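# Report on the structure
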Amino acid sequence: MPQQQPQSQSTNVHHLRVGDFVVTTIQDAYLQGGFGLITNLDKSTVQNLHAASQRPTPPKITLNCYLVNTGEERILIDTGLGGLVGDEGARLDAGLDEMGLTVADIDRVILTHSHPDHLGGLIDDDDNPVFPHAEIFVPVGELEFWRGAVPDDTSDMLRNQFANAQRVFDACETNLRAIDDDAIQPGITRMPLPGHTPDHSGYRIESNGERLLIAADIVHLPQIQFPRPDARVIFDTDPEQAVRSRQALFAEVAATGEMIAGHHIDFPGIGHVVSDGDGYRFLPHVWSPFV
C-alpha cells in the first residue's frame, strides 16, 4: 500500500541563547539562485566551488530573519519578502505562529538594509503596514539613498529596488525611525558593512559576556563567497566596497572567534568563520534540543 511521504520540514525556526537573550532564526524563503549571480569569477571556478560543497544544482539561496528576545521586548531584524513575495512563498508568519506569536507581539523592527527580501514583510498585499504598533528602525544612509532620486542610468533591477523601497517606506511612514547612532539600545550595536547597499548594516547582539554578530547579506552564496571573499554578486550597489567589508569582517571574526549569523547562510545561518588557505570556511553551529 502506498505511504504518504513528507513534503516539508517540521520547523523553520531555531533558537540560540546569547547571554540573557534568545535569538531565533526564522527561515522566510528558499529562493532559486544561479551561477550568474557571481559577476567577477569565471564560470568554471564558480561551478567547481559549488560542486565541492555538495549542494543541489542550480544553487538555492536561503532567506532568514532574526528575532531577538531580550526578556523585555521582541525585536525583529528584517522581515523577509512579505507583500513583495511574488511566487516564491514567504514563511515569516508561519514561523511566528509556530512560536505562538503574531505580528502584534513584535515591539520593534530593525532593518539591515532596504532590499525587497528584507523589508517586504513590512507590508501586506494591499500595502498596509503589517506591524502597525512597532517602531521601524532603518540606517539613515539607507533612508537617504532609497528615498532619493533614481539615477538616469540605473538598471531595471535597481530601478525596481528603488520602487519597492519607496513603496514600503511610504506605507510605513508613521513608524519609521532613522538610525544615526551605532548604539541602538543596550545589547544591540550597529556595525556598518557598506557596499552591498550604501548603508548596509550588521548588528552585534551582546548579553552577559556572550556575542553574536548578525552580518546581514555579507554573503549570498556561502559556498562561493567564504572560500572566495573577493567574489562579487550582481545585487551589490558598490561591489568593490562590498568585497572590502566582507574581507574585513571575515578577518575580524576568524581572529576573535565571534559567532556570526547571516540572512543568506544556510538555515539556521549561525556559526563560526575560520581561515582556510587564501580564503575562509564556515563552521555551522551544532544544533541542540535545548536553548
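Structure shown above.
Here goes a summary of the coordinates provided. The shown structure was predicted, so the numbers you read here are calculated from the model rather than taken from an experiment.

## Regarding the overall build of the protein
- The secondary structure content of the protein amounts to seven helices and 14 strands.
- Scaling as 2.2 N^0.38, a compact globule of 291 residues should have a C-alpha radius of gyration of about 19 Å, and the protein matches this with 18 Å.
- If one aligns the C-alpha atoms of the protein with their principal axes, the spans along those axes are about 55 × 50 × 50 Å.
- The buried share of the protein, reckoned over its 291 residues, is 51%.
- Considering only contacts within the protein whose residues lie at least 6 apart along the sequence, 70% involve residues at least 24 apart.
- If you sum the accessible surface of the protein, you get close to 13500 Å²; carbon and sulfur atoms cover 48% of it.
- The centroid of the 19 positive side-chain charges in the protein is displaced by 5 Å from the centroid of its 42 negative side-chain charges.

## Description of the sheet that holds strand β10 (residues 201–207)
- In space, the seven strands of this open sheet follow the order β8-β9-β10-β11-β12-β13-β14, with mixed pairing throughout. Looking at which strands have only one partner, the edges of the open sheet turn out to be β8 (183–185) and β14 (279–284). Each neighbouring strand pair of the sheet contributes to a mean axis angle of 35 degrees, computed without reference to strand direction.
- Here six bridges tie strand β13 (residues 270–276) to β14, and the two strands are oriented antiparallel to one another. In the sheet register, G271 faces β14, and the bridge partner there is P284.
- The strands touched by helix α7 (residues 239–256) are β9 (188–192), β10, β11 (210–214), β12 (259–261), β13 and β14; relative to β13, the strand with the most contacts, the crossing angle is about 95 degrees.

## Here's the deal with the sheet that holds strand β4 (residues 74–77)
- Within the open sheet, the seven strands sit side by side as β1-β2-β3-β4-β5-β6-β7. Their pairing is mixed. The open sheet has two edge strands with one neighbour each: β1 (13–18) and β7 (176–179). Going across the sheet, the axis of each strand differs from the next one's by a mean of 25 degrees, ignoring polarity.
- Inspection of the sheet shows β1 paired to strand β2 (residues 21–32) by six bridges, in the antiparallel sense. Its bridge partner lying in β2, V13 is registered against I26.

## A word on the state of the cysteines
- Following the criterion strictly, the structure yields zero disulfides and no others.
- This cysteine, C65, is not joined by any disulfide, and C172 carries the nearest cysteine sulfur, 15 Å off.
- Look at C65 and you get buried, because its relative accessible area is 0%.
- Under the relative-accessibility criterion, C172 is labelled buried at 3%.

## Some thoughts on the environment of A248
- Relative to the helices and strands, A248 is located in helix α7.
- A relative accessible area of 47% means that A248 is categorised as partly exposed.
- C-alpha of A248 to C-alpha of L193: the two residues are 55 residues apart in sequence and 9.4 Å apart in space.

## Examining the environment of G80
- If you trace the backbone, G80 turns up in the loop between β4 and α2 (92–98).
- Given the relative accessible area of 0%, G80 is considered buried.
- In sequence terms G80 and I26 are 54 residues apart; their C-alpha atoms lie 9.4 Å from each other.
- Ignoring any residue separated from it by four or fewer positions in sequence, one finds G80 in contact with D28, L63, C65, P116, D117, H118, L119, G120 and G121.

## Section: the nonpolar core
- In this structure, L76, V109, L119, L122, F131 and F169 are the most contacted members of the largest nonpolar core, which totals 29 residues.
- Breaking this core down by element, the ones donating at least two residues are β3 (60–69), α2, β6 (135–139), α4 (140–146) and α5 (156–171).
- Top contributing element to this core by residue count: α5, with five residues.
- Among all residues touching F131, those that are not within four sequence positions of it are L76, T79, L92, V103, I106, V109, G121, L122 and N175.
- Grouped together as the second largest cluster of nonpolar side chains are 20 residues, V23, V68, I184 and L212 included.

## Some remarks on the pattern of salt bridges
- Evaluation of the coordinates by the stated rule reveals 14 salt bridges.
- D199 is the partner of R190 in a salt bridge, and the nearest nitrogen-oxygen pair spans 2.9 Å. There is no split in this pair, since R190 and D199 are both buried.
- Close ionic contact of R204 with E258 constitutes a salt bridge, the shortest N to O distance being 2.8 Å. Separated by 54 residues along the polypeptide, R204 in strand β10 and E258 in the loop between α7 and β12 bring together distant segments of the chain. Judged on exposure class, the residue R204 and its partner E258 are both buried.
- What emerges from the salt-bridge pattern is a single network uniting R147, D170 and E173.

What counts and what doesn't
Residues numbered from 1 in each chain as written. Predicted model: local features only at pLDDT ≥ 70, side-chain atom pairs only at ≥ 80, totals over all residues. Heavy atoms only, no water. Helix = DSSP H or I, 4+ residues; strand = E, 2+ residues; numbered from the N terminus. Rg over C-alpha atoms; globule rule 2.2 N^0.38 Å. Buried < 20%, exposed > 50% of the residue type's maximum accessible area, 1.4 Å probe, protein only. Contact = heavy atoms within 4.5 Å. Areas by Shrake-Rupley, 256 points an atom, 1.4 Å probe, with all protein chains shown as cover. Lys, Arg positive; Asp, Glu negative; His and termini not counted. Charge placed at Lys NZ, Arg CZ, Asp CG, Glu CD. Pairing = 2+ DSSP bridges. Axes fitted to C-alpha atoms, helices over the stretch in contact; angles between N-to-C directions. Disulfide = S-S within 2.5 Å. Core = buried A, V, L, I, M, F, W, Y, C linked by side-chain atoms within 4.5 Å. Salt bridge = Lys/Arg side-chain N within 4 Å of Asp/Glu carboxyl O.

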